[in-house]
Structures are given as C-alpha cells and as structure tokens.
Amino acid sequence: MASEAKEFEYRICCLGAGYVGGPTMAVLALKCPTVKVTVVDINPKQIERWNSEKLPIYEPGLDEVVKEARGRNLFFSADIDKVVQESQMIFVSVNTPTKKYGVGAGKAADLKYWELAARHISKVSKSPKIVIEKSTLPVRTAHAMSQVLNCNKSQTGYSHSILSNPEFLAEGTAIQDLLKPDRVLIGGNQAEQDQAAVRKLVWIYSHWVPKERILTTNLWSSELSKLVANAFLAQRVSSINAISALCEKTGADVTEVAKAVGMDNRIGNRFLNASVGFGGSCFQKDIYNLVYICESMGLKEVAAYWEQVIIMNDYQKRRFASQIIQRMFNTVSGKKIVILGWAFKKDTGDTRETPAAYVAKHLAAERAQLSIYDPQVTEERIRKDFVEYGVLEEGRFEELATVETDPYKACEGAHAVAIMTEWTEFKEYDWEKIYQGMQRPAFVFDGRNILDLSALALMGFQVYGIGKPLPDAVDMDKPGSGY
Ligand SMILES: NC(=O)c1ccc[n+]([C@@H]2O[C@H](COP(=O)([O-])OP(=O)(O)OC[C@H]3O[C@@H](n4cnc5c(N)ncnc54)[C@H](O)[C@@H]3O)[C@@H](O)[C@H]2O)c1
C-alpha cells in the first residue's frame, strides 16, 4: 500500500461497468496515468468480462484504450467496499431505466439503483468523498441523493460532496467523443466544500480537455442540460422523420430537403437523416423523464410538446412496417423477410429499444418468416430481445425466426430485405448476387437510406426508401397517389 500511495497521486472509482462507466473510466485512466481508476459493478460476471480479452461491449477503439491502461492504472474489481473506501472521488454510472411499476410507471426514471449505490457509499465510507452523478438523472436528484449520502453526518462529523457530471458520449463513437468532447459539464453547489470538489474534477478533465470546453454550472442546470440535450437531438430526428412522410406523398426527396435545410448555418446538418426511427437506451427514456418532470410541475403543454417526439418516433417505426406489408401485396404471411441489422445503430452491439425489434414485432404478427443478420449482435441477445420486446413469446422463436452469421445465406430465397441498421458493410455487399438468390419480385426496404436505390432498381429490385419519392411522383404530370 505504501508503494502504491507513492505511485498514484489520486484515487477514483466508478460504480457501474456498463456502456458509460467502462469507456469513460478507460479514457480517464489513459489520460491521467498518475490517477488510479477502478471500475466496480454489482455484477461480478461483468467485471470478469472487463478483465478478459473479449470486452463486454463493442466500441471502435475501446480495446486499444483498455489494453494500454488496464493493469497500469485502470482496474476492474468486484470488491466494491474496499474500492469505495480507498477512493477519494466516486463516479456513479449505474442504470436509470424508465420505471415499470407504481407512480410514474412508463415515464419516470427508476432511481432505485442510484439510491442503492448512494446508500452503499454512505455505509462503507470512512472518509469524505466527492460523489459524481455520471448517470442521467431527473433534475434535482442531487438534493435527494445528498440526504441519502449524508444520513450519517451527525455520527461521522463530515459530509460527502455531490456533483453532476453528465455523460454526452454517443455509442458507436464513444471513444472519440470522450477523447475530444464538445464540452464537459460539471455542476456543483456554491458551498466551499462543493466548489473545491468542482475544482478537483476540473483538474482531472484538464489533463486532456481544453479549459474553455469545461463548463461549470449550478447543480440543477447540469442535471437538466443532459435531459434537454437528448430531447433536442431526438426532436431533430422526429422532425425530419415527420417530413419524410410528407415527402413520400408529394414527390419531394427527404435527403434533398434535409441538405437544403441543413445548409442553413442557423440549423446545421447534423441529425437530419430520415430513418425508421431512433432507438437506444437514452432518447426515449430521457424524454419520458422530462415529460414526467414537466407533468409533475403542472406544465401540461410543455410535457405534451416533448411527448410528441416519442409519438412521432413510434409512428415512424409503425409506418415502416406497414409499408413493407402494403407493398408486398398486403400479405407477408409465410414470406421470408431478411432483417439486416439488429443493433439500434451502427458500430455498437447495443440493442436496447432497437427499431428492428419493433418492426420485427409487426412482421411477426403478420406471420412473416424472419431471417436476421447483424455483424455484432449475438443470437443469444436477439433471442432475449424477442421476449423482452414482445416480438414472440418465449419458446416460439423457431416458429418464425432464424439468426444467420452470413448475410448472403440470410438473403437466400428471401422475398424482401429490410435494412434496419446503417452498418457500412451493407453498402458494400454484392447486391447483384443477393438479387439472383431471391424470390421475384425481390423487395428492398431501406430503413436507413444507405443504399443506392436507383442502382438496385436497375438490377430489378422493387425498392422503398424512407422519404424517397415513389417512381412516378417526381413527374409533375403524374403526381404520387397521395398528391
Ligand atoms: N448508454 C449511453 O449511450 C449513455 C450515454 C450517456 C449517458 N448514459 C446514462 O448513463 C447511465 C448508465 O448507462 P449505461 O448504458 O452504462 O447502463 P448499463 O446498464 O450498461 O450499465 C449500468 C451498470 O451499473 C451496474 N450497477 C447497478 N447498480 C449498481 C451498484 N449499486 N453498484 C455498482 N454497479 C451497479 C449494473 O450491473 C450495470 O452493469 C444511465 O443513467 C444512462 O442514461 C448512457
């Protein structure tokens, strides 16, 4: 211990070794070699995976960062008590899912895991800690958590500081986002002890983040900003998706519209790709959280405004599935439909709230035969998602679904292919070869607008792209059916 004390000038730990805790702490350790960083989790299997050659999550660049820092100043441990005791700063990056029971079910954030983590820290700590909210939390959570953390203050004679430091990384680009963040946000109370904690966290980040990108605010602004950032991003996706439906009726092309609109500097071009809809563990959950907070504060109109973003997203997923069914002559029963991509976006194996599951559910209800391929998602995960998202009840997977490890095999004898994730490799396939092996007419439904649909149409495919004009709708004299 004595030699270790010399080796490390500071000790940090993180509760929660998930999609956020793992990569965030790996980059922190990489950039702060004199700081000891230990990631802990209540799930010992998750820790085993972080200590193995095959990491529990897929992120470009993550393996390299972990390999460099692990064993040097980055550690993964299941001994939560010991690690908490020896750490001066504790990040809490546990899951905060949407509540499934009781008051606020379906909307409010379930803070059970966060509160348990805070209780744990309070119980085992033997010195004051800087506790950092890394999870996304409802505004004013720190107020409640501070009470939990400091419930023993009268016996111990000291209190723990609580800061908000929400994580803005996006899965698929997490390492780049962490290495070069647009901004780092740190919220803290005005009390001197808390401001000292803010300075300590600023010191950590300033190892690699330019000072002007480190923003310090009050606690509530910081907590709320994370929810607002996700709501704004999701709102852009829903906005362009709403327009995609209008494009299909009018002969406008959503890609052209998005380009024209996005070239306006005031608007910008990011997050304007029309698609089957957003997924992932955050957008929907965080917007529901925002909606719930607004409702609880009596702001009905504000709540309804933000809820519309989710309503539009659900509409888009449903609309895509309906297009498949309608265009295949209103029946997909017994037809083989290939689901290309199961992850909620490219460059991740994460499938939480993936649109693929929602589309699969609609198609399974129509008794389509589903053949699924994803370059990163395991069959085990897909089978679990079938049950979790109600695609098919437990034990019925084989009736209507298969998972393939070769995309060409997945497409053999298929009636249609539906692109559900924007994986780059899908663009590079030999589509002529795929066409040759499919039934006629062969359909392609591009839920991400990544394929060259004109080229596919020339090969003979019947094509559908989100927000793309129907073949005869571009001609002024032959307006589309909804014109
Ligand atoms: N995934 C993202 O892209 C992303 C981005 C930004 C913010 N966030 C937010 O970060 C938080 C974590 O998200 P995630 O995707 O990493 O979740 P996750 O489910 O991948 O990981 C959470 C981990 O916390 C562990 N855990 C739960 N209670 C614990 C406890 N008391 N002590 C130690 N470990 C505990 C779980 O076992 C799990 O491994 C959420 O609030 C989320 O909204 C997520």
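One can find the structure itself at the top, above this paragraph.
This is a predicted model, so every value here is computed, not measured.

Definitions and cut-offs
- Along each chain, the written sequence defines residue order, and numbers are assigned to residues from 1.
- Residue-level local features of this predicted model are given only where pLDDT is at least 70; pairs of side-chain atoms are given and counted only at 80 or more, and the full residue set underlies all totals for whole chains, interfaces and linings.
- In this analysis a residue is considered near a molecule or strand if the C-beta atom, reconstructed from its backbone, is found within 6 Å of that molecule or strand.
- Comment: elements are numbered from the N terminus, with helices defined as DSSP H or I runs of at least four residues and strands as E runs of at least two.
- Residues are sorted three ways: Asp, Glu, Lys and Arg are charged, Ala, Val, Leu, Ile, Met, Phe, Trp, Tyr, Cys and Pro are nonpolar, and all the rest, Gly among them, are polar.
- For the exposure call, what matters is how many other C-beta atoms sit within 10 Å of a residue's own: 20 or more marks it buried, 12 or fewer exposed, and in between partly exposed, using C-beta atoms placed from the backbone.
- This arc corresponds to the set of directions leading from the helix axis out to the C-beta atoms.
- Note on contacts: residues are paired as contacts if their backbone-placed C-beta atoms lie within 7 Å.
- Only when DSSP finds a minimum of two bridges between them are two strands counted as paired.
- Interaxial angles span 0 to 180 degrees and are taken between N-to-C directions of axes, which are lines fitted to C-alpha atoms, for helices over the stretch in contact.
- Working rule for angles: under 35 degrees goes down as roughly parallel, over 145 as roughly antiparallel, 65 to 115 as roughly perpendicular, anything else as oblique.
- Each crossing gets its handedness from the near helix: less than a right angle anticlockwise from the far helix is left-handed, clockwise is right-handed.

Q: Give a description of the site of the ligand that names residues and reports values.
A: Near the ligand there are 27 residues, and of these Gly16, Gly18, Tyr19, Val20 and Ser135 occur at the shortest range. Top contributing element to the shell around the ligand by residue count: helix 6 (residues 112-124), with four residues. For the shell around the ligand, the class distribution of residues is 12 nonpolar, 12 polar and three charged.

Q: Now, about unusual backbone geometry: what can you tell me, with residues and values included?
A: Of note, the bond from Arg440 into Pro441 is cis; its omega dihedral lies within 30 degrees of zero at -10°. Among the secondary structure elements, Pro441 is positioned in the loop between helix 20 (431-437) and strand 13 (443-446). Of note in this structure, Arg140 is not a glycine but carries a positive phi near 85°. In this structure, Arg140 sits in the loop between strand 5 (130-133) and helix 7 (141-149). With a phi close to 60°, Asp347 is a non-glycine residue in the positive phi region. Looking at where Asp347 falls in the secondary structure, it is placed in the loop between strand 9 (336-340) and helix 15 (355-365).

Q: Help me get a handle on helix 16 (residues 379-388), residues and values and all.
A: Among the residues of helix 16, those classed as buried are Ile382, Asp385 and Phe386. Burial along helix 16 is one-sided: seen end-on, the buried residues are contained in an arc of 105°. Opposite its buried face, helix 16 presents the exposed residues Glu380 and Glu388, each directed more than 90 degrees away. Looking at the packing, one finds that the buried side of helix 16 touches helix 15, strand 10 (369-373), helix 17 (397-400) and strand 11 (401-403). Once helix 16 ends, the next one or two residues include Gly390, with phi positive near 65°.

Q: Could you give an account of the sheet that holds strand 13, naming the residues involved and the relevant values?
A: Overall, parallel pairing links the six strands, which are arranged 11-10-9-12-13-14 in an open sheet. A single partner strand is all that each edge strand has here, and the edge strands are strand 11 and strand 14 (462-465). Averaged over all neighbouring strand pairs, the angle between strand axes comes to 15°, with direction disregarded. Note that strand 13 and strand 14 share four bridges and pair parallel. Looking across to strand 14, one finds that Phe445 is bridged to Tyr464.

Q: Could you give me a rundown of the packing of helix 13 (residues 283-296) against helix 14 (residues 300-327), with the residues and numbers involved?
A: The geometry of helix 13 relative to helix 14 is characterised by a closest axis approach of 8 Å and an angle of 165° between their N-to-C directions. In terms of their interaxial angle, helix 13 and helix 14 are classed as roughly antiparallel. Relative to helix 14, helix 13 is oriented so that their crossing is left-handed. For the pair helix 13 and helix 14, the contacting residues are Gln284, Ile287, Tyr288, Leu290, Val291, Cys294 and Glu295 in the first and Lys300, Val302, Ala303, Trp306, Glu307, Val309 and Ile310 in the second. Here the contact of helix 13 with helix 14 is composed, by residue class, of 10 nonpolar, one polar and three charged.

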